[in-house]
Amino acid sequence: MTTLAFVIGIIYLVAATLFVLGLHQMRAPSTARRGNLTSALGMAIAIVATVVVALLGNGGNLWGWIALILGAAVGAVYGVVRARTVKMTDIPQLVSVFNAVGGGAAAAIAFADFVMHGTTASIALSSSIPLVLDVLIGSVTFSGSLIAAGKLQGVIPGRPITFPGSRIVNVAVVLIAIAAGVLTVIFGHSVLLLLVVLVAALVFGILMVLPIGGADAPVIVSLLNAFTGLAVAMAGFAIDNQALIIAGALVGAAGTILTLQMAAAMNRSVANIILGGFGTGDSPSANIADQDLTGIRTLTADDVALQLAYAQHVLIVPGFGLASAQAQHEVADLAKLLIAHHVDVKYAIHPVAGRMPGHMNVLLAEANVPYDQMLQLDEANAAFDNCDVALVVGANDVCNPMAREKGNPVSGMPILDVDHARAVVVLKRSMSTGYAGIPNPLFTDPKTGMFFADAKQGLTEILTATKEYVTA
Amino acid sequence: MSEELFSNLAIFVLSLLVGFEVISKIPTTLHTPMMSGANAIHGVVIAGAIVIASLAGSPVGYVLTFIAAALAAANVCGGFVVTDRMLTMFSRPKQPTPAPAKDPS
């Protein structure tokens, strides 16, 4: 080992340590921002070290550096502009796009490395295997994440898209990709074979995500995030760069944990989500007038305001409906008004409320809701027993008491015990079912009142009505 | 198989374990910024783009370098900026809240 290689190895180790420390600091909101900056510092160190090695090494040629600088400038401008202008409700799509480009970059690097080796003697198995895996995984992530982002954005229909014989086509594409990959490793030189791997993997990424319902898209985004981590680690093996291996493994672990947690919170297995074609993501805005409302107590904004104004403990249960109506500011204004009127208001947040885990917390934080008012599942469930009014805004399955019974689609799913509150108000557009497609007995509970409205509209009406009571 | 490969594999496996350990302690409330932050970290793939740039010696190499650099830079710059934007919202100073009614009803 030369002195330079040793020094660079140490610098990469420092960068990797900063990545781990940065993630560690994400455990609490007070240190999380510093954690992100710590990771960014690690990144800067790794980049500078790599540039120095490259310059001190063979130096490359001018055109290579120009291509690098031009590319990096284009990418950086795109990334920063998107990051600064994205609406907080659209975060899951953007995470998916950034994930796609990461996977694409890993695949492009492996491909370039292979092409450059291609003319020389055959590549050692210890490089060729990770190279092929990198191209395979990176390409699947690239196309798959873009499709998932399209589904979340609504550019591609959220409903599962399938066509006759799609399973067979899927299997065929996978077999082609794997066969071409194996042949590439065996024969070494063939750029054409690797191109087949690349194209087949891109096609498979598209076919894999198209049949997945919009509601499940976040799980796929998380799974593909883990894949990108693996692809980056493989790129690290291929070009013998430890910083890539460590960072890739960390991200692989993060994506895997999130995927499993999300699947558990949705009461589904990961395999079931991938093969399922479940949940449309576009909830039908059914007409209330056509629905059977027997056994249902409907409320007006005034009724809700009266209940809230005279309550001591209020828990707000925000759901997907609130996120899609972008009503986070309205709900925060209502809470602020009640808190000023000495009502104790907290938010009960289910792990999968919003479009991805923790998304609801980001939306509420955007509306200036203090972190200590957001209760996680366990804390919230302890608080429902002492809660006068639970205000459910656009949530359904996450508070369906049928989860406690056996033999239905939500059995065993962790839920918010909204039915333990003394009174329940549900603000919802219609009686339509959630993604699980089953009725919610909470809505017909005698202590529940339904207020049918769009989340934003309904909350504004409640806010106006509440002002009458608290200022009178 | 080389010693190099073995030590790289050991690093990979240990990093996976560290990742599982560190990530599983992060509360659900911070999962979205964490995912976005982890996303930015895999932008380290830009180091790979730099290595490729220094090896490139043909038009194909330059084009692939350009593509890899553009994708990786979008990943790393966008990822850190959007994560920071989210986390700034979490660390805003608390607004003064009047003491809530504490008496159990």
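Caption draft 1: Here's a closer look at the overall build of chain B. Assigned secondary structure in chain B consists of four helices and zero strands. Of the regular secondary structure in chain B, the N- to C-terminal order runs α-α-α-α. Looking at the 105 residues of chain B, the share that counts as buried comes to 55%. Across chain B, the fraction of contacts at a sequence separation of at least 24, relative to all contacts at a separation of at least 6, is 75%. A total accessible area of about 4200 Å² is found for chain B, and carbon and sulfur atoms account for 71% of it.

Caption draft 2: Fine view of the environment of Ala-390 of chain A. Residue and element names in this part refer to chain A. Along the chain, the position of Ala-390 falls in strand β4 (residues 389-393). Here the alpha-carbon distance between Ala-390 and Leu-308, two residues 82 residues apart in the chain, equals 9.1 Å. The contacts of Ala-390, once residues within four sequence positions are left out, are Leu-315, Phe-384, Val-418, Ala-421, Ala-423, Val-424 and Val-425.

Caption draft 3: View of unusual backbone geometry. Residues and elements named next belong to chain A. You will see that Asp-240, though not glycine, has its phi angle at about 55°, which is positive. Within the element layout of this structure, Asp-240 appears in the loop between α8 (217-239) and α9 (242-265). By relative accessible area, which is 31% here, Asp-240 ends up partly exposed. Phi angles above zero are rare outside glycine, and Gln-326 is one such case at about 55°. Checked against the element boundaries, Gln-326 lands in the loop between α12 (320-324) and α13 (328-340). Residue classification places Gln-326 among the partly exposed residues on the basis of a relative accessible area of 26%.

Caption draft 4: Broad picture of the layout of surface pockets. What the second largest pocket holds in volume is close to 720 Å³. Elements supplying a minimum of two residues to the lining of the second largest pocket: α1 (3-24), α2 (29-56), α4 (91-118), α8 and α9 of chain A together with α1 (3-23) and α3 (45-55) of chain B. Considered class by class, the residues forming the lining of the second largest pocket number 15 nonpolar, nine polar and three charged.

Caption draft 5: Structural detail: the interface of chain A and chain B. Tallying the contact residues gives 112 residues for chain A and 89 residues for chain B. Both sides of the chain A and chain B interface together cover about 9000 Å² of buried area, and 75% of this is carbon and sulfur. Here chain A is connected to chain B by one salt bridge. Notably, a salt bridge pairs Arg-33 of chain A with Asp-84 of chain B, separated by 2.8 Å at the nearest N-O pair. At the junction of chain A with chain B, the criterion picks out 15 residue pairs in polar contact (both at pLDDT 80 or more). For the side of chain A that touches chain B, a count of residues per class yields 69 nonpolar, 32 polar and 11 charged.

Caption draft 6: Region of interest: the nonpolar core. In this structure, Phe-384 and Val-418 of chain A are the most contacted members of the largest nonpolar core, which totals 182 residues. Among residues more than four places away in sequence, those in contact with Val-418 of chain A are Val-317, Phe-384, Ala-390, Val-392, Cys-399, Val-424 and Leu-442 of chain A.

Caption draft 7: Structural view of empty space enclosed by the protein. Residue and element names in this part refer to chain A. Scanning all chains against the criterion turns up one cavity of 30 Å³ or more. The volume enclosed by the largest cavity comes to roughly 40 Å³. Looking at the largest cavity, the residues that line it are Ile-161, Thr-162, Phe-163, Ser-166, Asn-170, Leu-207, Leu-210 and Pro-211. Split into classes, the residues belonging to the lining of the largest cavity amount to five nonpolar, three polar and no charged.

Caption draft 8: Up close: helix α4 (residues 59-90) of chain B. In this model, α4 of chain B (32 residues) spans 47 Å end to end at C-alpha, consistent with the 46 Å of a helix rising 1.5 Å per residue. Within α4 of chain B, 23 of the 32 residues are buried, leaving the element largely enclosed by the surrounding structure.

Caption draft 9: Main features of the state of the cysteines. With the rule as written, the count across this model stands at zero disulfides over all chains. Unpaired in terms of disulfides, Cys-399 of chain A finds its nearest cysteine sulfur in Cys-387 of chain A, a separation of 12 Å.

Caption draft 10: Layout of the packing of aromatic side chains. Considering all chains together, one arrives at three aromatic pairs over all chains under this definition. On the numbers, 5.7 Å between centres and 65° between planes, the contact of Phe-237 of chain A with Phe-12 of chain B is edge-to-face. With Phe-237 of chain A in helix α8 and Phe-12 of chain B in helix α1, this pair bridges two chains. Each member of the pair Phe-237 of chain A and Phe-12 of chain B is classed as buried. Measuring from centroid to centroid gives 6.5 Å for Tyr-310 of chain A and Tyr-469 of chain A, while their planes differ by 75°, and the two rings are edge-to-face. In this pair, Tyr-310 of chain A is assigned in the loop between α11 (301-309) and β1 (313-318) and Tyr-469 of chain A in helix α16 (residues 455-471), connecting sequence segments 159 residues apart. In this structure Tyr-310 of chain A comes out as exposed when scored by relative accessible area, which is 63%.

Caption draft 11: Expanded view of the side chain of Thr-448 of chain A. Residues and elements named next belong to chain A. One can find Thr-448 in strand β6 (residues 448-452). On the basis of relative accessibility, which here comes to 0%, the residue Thr-448 falls in the buried class. Dropping the residues within four chain positions of it, Thr-448 is found in contact with Arg-297, Val-424, Val-426, Leu-442 and Phe-443.

Caption draft 12: Geometry of the pairing of strand β2 (residues 344-348) of chain A. Residue and element names in this part refer to chain A. Across the five residues of β2, four count as buried, placing the element largely inside the fold. The sheet contact formed by β1 and β2 spans four bridges and is parallel. Bridge pairing links Ile-316 to Tyr-347 in β2. Sheet topology places β2 next to strand β3 (residues 374-375); two bridges connect them, and they run parallel. The residue of β3 that forms the bridge with Tyr-347 is Met-374. In this fold, the crossover linking β2 to β3 by way of helix α14 (residues 359-366) has right-handed handedness.

Caption draft 13: Geometry of the sheet that holds β1 of chain A. All names here are of chain A. Spatially, β3-β2-β1-β4-β5-β6 is the arrangement adopted by the six strands of the open sheet, whose pairing is parallel. Each having just a single partner strand, β3 and β6 make up the two edges of the open sheet. Pairing geometry for strand β5 (residues 423-428) and β6, over five bridges, is parallel. Bridge pairing in β6 links Val-426 to Met-450.

Caption draft 14: Focus on the confidence of the model for chain A. Residue and element names in this part refer to chain A. Counting all residues, the mean pLDDT for chain A is 87, and 94% of those residues have values of 70 or more. When pLDDT is averaged over each element of chain A, helix α3 (residues 62-85) comes out on top at 95 and helix α10 (residues 270-276) at the bottom at 74. Per-residue pLDDT stays below 50 along residues 278-289; that stretch engages in 29 contacts with residues further than four places along the chain or on separate chains.

Reading the values: rules and limits
- Residues numbered from 1 in each chain as written.
- Chains lettered and ligands numbered in written order.
- Predicted model: local features only at pLDDT ≥ 70, side-chain atom pairs only at ≥ 80, totals over all residues.
- Heavy atoms only, no water.
- Helix = DSSP H or I, 4+ residues; strand = E, 2+ residues; numbered from the N terminus.
- Buried < 20%, exposed > 50% of the residue type's maximum accessible area, 1.4 Å probe, protein only.
- Contact = heavy atoms within 4.5 Å.
- Areas by Shrake-Rupley, 256 points an atom, 1.4 Å probe, with all protein chains shown as cover.
- 1 Å grid on protein atoms, 1.4 Å probe; cavity = no way out; pocket = protein on both sides within 12 Å on 5 of 7 lines; lining within 4 Å.
- Points joined across faces, edges and corners; volume = space filled by probe spheres on them.
- Nonpolar A, V, L, I, M, F, W, Y, C, P; charged D, E, K, R; others polar.
- Buried area = accessible area lost by both parts, 1.4 Å probe.
- Salt bridge = Lys/Arg side-chain N within 4 Å of Asp/Glu carboxyl O.
- Polar contact = N/O pair within 3.5 Å; in protein donor to acceptor, adjacent residues only side chain to side chain.
- Core = buried A, V, L, I, M, F, W, Y, C linked by side-chain atoms within 4.5 Å.
- Expected span 1.5 Å × (residues − 1).
- Disulfide = S-S within 2.5 Å.
- Phe/Tyr/Trp six-rings, centres within 6.5 Å; stacked < 30°, edge-to-face > 60°.
- Pairing = 2+ DSSP bridges.
- Right-handed = clockwise from strand over helix to strand, strands pointing away.
- pLDDT = per-residue confidence, 0-100.

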